[in-house]
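# Architecture and fold: a report
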Amino acid sequence: MSEEPSCDYPGCEVDGFVISRLSPEGYLVATGKKAYSFREAYRRFHYCQAHHDELMANVWSRVRKPDDKSDGHVAPTAI
């Protein structure tokens, strides 16, 4: 039995070694709970390296597009 949590990417059962604040949809997600610091206010996800790399590539390609940025999600550069 593995000590690492499994990857949070839907359908992946590989160990999640990479801890990230990005949701499987590629957005930063706040827990909505009271937190003692800004850092603790965001939910943490675990990903395998391949899925984390894929999410990061998707985020950065979306940030670089000049499309409408009014979707209400926090940019990954806002942290």
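Just so you know, these numbers come straight off a predicted model, no measurement behind them.

## Regarding the overall build of the protein
In terms of regular secondary structure, the protein is built from 1 helix and 2 strands. When the elements of the protein are put in sequence order from the N terminus, they spell out β-β-α. Here the protein, with 79 residues, has 24% of them falling under the buried criterion. Of the contacts formed within the protein by residues at least 6 apart in sequence, a portion of 54% connects residues at least 24 apart. Approximately 5900 Å² of the protein is accessible, and the part contributed by carbon and sulfur atoms is 53%.

## Let's talk about the environment of Ser-20
Along the chain, Ser-20 turns up in strand E1 (residues 18-20). In the structure, Ser-20 is positioned 36 residues away from Met-56 in sequence and 10.0 Å away in space, judged by C-alpha atoms. For Ser-20, the contacting residues outside a window of four places in its chain are Arg-43, Arg-44, Phe-45, Tyr-47 and His-52.

## Examining the packing of aromatic side chains
With the rule as written, the count across this model stands at 1 aromatic pair. Arranged with centres 6.2 Å apart and planes meeting at 20°, the rings of Phe-45 and Tyr-47 form a pair that is stacked. Across this residue pair, the class does not change: Phe-45 and Tyr-47 are buried.

## Concerning helix H1 (residues 49-64)
Given a rise of 1.5 Å per residue, 16 residues ought to cover 22 Å, and the 23 Å separating the end C-alpha atoms of H1 matches this to within 8%. Every buried residue belonging to H1 is among His-51, His-52, Leu-55 and Val-59, and all of these are buried. The arc that holds every buried residue of H1, seen down its axis, measures 100°, which confines them to one face. Facing away from the buried side of H1 by over 90 degrees, the exposed positions are Ala-50 and Arg-64.

## Examining the side chain of His-46
Relative to the assigned elements, His-46 resides in strand E2 (residues 45-47). For His-46, a relative accessible area of 18% corresponds to the buried category. Non-local contacts of His-46, meaning those with residues more than four positions away in its chain, are made with Pro-5, Ser-6, Cys-7, Asp-8, Gly-16, Val-18 and Ile-19.

Rules and cut-offs
- Residues numbered from 1 in each chain as written.
- Predicted model: local features only at pLDDT ≥ 70, side-chain atom pairs only at ≥ 80, totals over all residues.
- Heavy atoms only, no water.
- Helix = DSSP H or I, 4+ residues; strand = E, 2+ residues; numbered from the N terminus.
- Buried < 20%, exposed > 50% of the residue type's maximum accessible area, 1.4 Å probe, protein only.
- Contact = heavy atoms within 4.5 Å.
- Areas by Shrake-Rupley, 256 points an atom, 1.4 Å probe, with all protein chains shown as cover.
- Phe/Tyr/Trp six-rings, centres within 6.5 Å; stacked < 30°, edge-to-face > 60°.
- Expected span 1.5 Å × (residues − 1).
- Arc of directions from axis to C-beta.

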